[in-house]
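Topology and contacts: notes
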Amino acid sequence: MAAKPKPGKRKKRGGFPPAAEAQSVRQTGSAPTPQRRWGLIALFLLVSVGGTYMAVWLKQGPGSLKIGYEVVNTFPHDPTAYTQGLLFDGGVLYESTGQKGRSSLRKVELETGEVIEKLDLGDEIFAEGLALAGDNFYQLTWKNNLILVYNRAFELLKKVAYDHDGWGLTFDGTHLIASDGTAYLRFLDPETLEEVRSVRVRIGNRPVGQLNELEMHGPDLYANVYQTDYIHWIDKTTGNVKATIDLAGLWPLKDRPDRNAVLNGIAIDAKTERMFVTGKDCPKLWEIKLVEKKVQ
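Summarised in this report is the structure supplied together with it.

About the cut-offs
Residues numbered from 1 in each chain as written. Predicted model: local features only at pLDDT ≥ 70, side-chain atom pairs only at ≥ 80, totals over all residues. Heavy atoms only, no water. Helix = DSSP H or I, 4+ residues; strand = E, 2+ residues; numbered from the N terminus. Buried < 20%, exposed > 50% of the residue type's maximum accessible area, 1.4 Å probe, protein only. Polar contact = N/O pair within 3.5 Å; in protein donor to acceptor, adjacent residues only side chain to side chain. Pairing = 2+ DSSP bridges. Axes fitted to C-alpha atoms, helices over the stretch in contact; angles between N-to-C directions.

With respect to the side chain of Gln 84
Along the chain, Gln 84 falls in strand 2 (residues 83–89). Its relative accessible area of 0% is what places Gln 84 among the buried residues. Of the polar contacts made by the side chain of Gln 84, one reaches the backbone oxygen of Ala 127; its length is 3.4 Å. Of the polar contacts made by the side chain of Gln 84, one reaches the side chain of Lys 280; its length is 2.2 Å.

Right, here's the structure in full:
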């Protein structure tokens, strides 16, 4: 995947003693006052701990309504599946997995996590998002600049050139919608795969990038935010983020195999409205229910 963007430089804020006063302390060896000592401790915590949250804030953007979750069910998931795209159709899951040499298209039994059918894509392909439109599956690739089109038997129908990095993909009933790691969502004609229009996703006036796996449900568009535990709920017409689902604690950092193991993958059963989420190289797939986020 694309490298995590560096956060912008933070302006220095108050709390440091004036240079002359600090020099005097170093020369005389006198201890700082209790008030100054606690001020320095607070500043250290702000910089060291707060810096991490500042990076997330810059990526996710401020001001969106937060939604929480409850776990309804937990199912097994292949821990070697680097999940890039996920969808639910006909009672089963379909999944696109990434990484060169590990990329595949899969049909998976929900309850057991068993891979019912699998098409390996070869060492040169890095697969990404997945969508189902009619009887055809559409699979993005990351740096291969291709969209792969299959029938329901996983037979490759065609490869179509694509000018952008592939990240997430979904179908809204009329257009395929693709993300590429930027703040833009691109609407594609499913027949020609040409771009029809695009929309910039934002919270207020701030563009929101790192949009990854996508999922449509009725008029609602959901997007994983790469390297965070957030899912944005987006108005696909305007690009406005209506709310942010905070999945913090669902997959604790201590349980993840490495830094690339992040939450990614959203699937919704259109008939029952059950919502499923998982992650890259994650041993679990969760059915969740959205609830009002509790204020700590």
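A closer look at the pairing of strand 8 (residues 146–150)
Of all five residues in strand 8, four are buried, a share of seventy percent or more. In this sheet, strand 8 lies alongside strand 7 (residues 136–141) in antiparallel orientation, the contact comprising four bridges. Paired with Tyr 138 across the two strands is Val 149, which belongs to strand 8. Where strand 7 hands over to strand 8, the hairpin turn is made up of four residues, of which Asn 145 adopts a positive phi near 55 degrees.

Describing the pairing of strand 3 (residues 92–97)
In terms of burial, strand 3 is a largely internal element, six of the six residues being buried. Of the two faces of strand 3, the one carrying Val 92, Tyr 94 and Ser 96 and the one carrying Leu 93, Glu 95 and Thr 97 are both buried. Where strand 2 meets strand 3, six bridges bridge the pair, whose relative direction is antiparallel. When the bridges of strand 3 are listed, Thr 83 appears paired with Thr 97. In sequence, strand 2 turns back onto strand 3 through a hairpin of two residues, with Gly 90 there showing a positive phi of about 60 degrees. In this structure, strand 3 lies alongside strand 4 (residues 104–108), joined through five bridges in antiparallel fashion. Looking across to strand 4, one finds that Glu 95 is bridged to Arg 106.

Quick notes on the sheet that holds strand 5 (residues 115–120)
Reading across the sheet, the four strands line up as 2-3-4-5 and stay open at both edges, with antiparallel pairing between neighbours. Two strands close off the open sheet at either side, each with one partner strand: strand 2 and strand 5. The sheet shows a mean angle of 15 degrees between the axes of neighbouring strands, taken without regard to direction. Bridge count between strand 4 and strand 5: five bridges; the pairing is antiparallel. Across the sheet, Lys 107 pairs through a bridge with Glu 117, a residue of strand 5.

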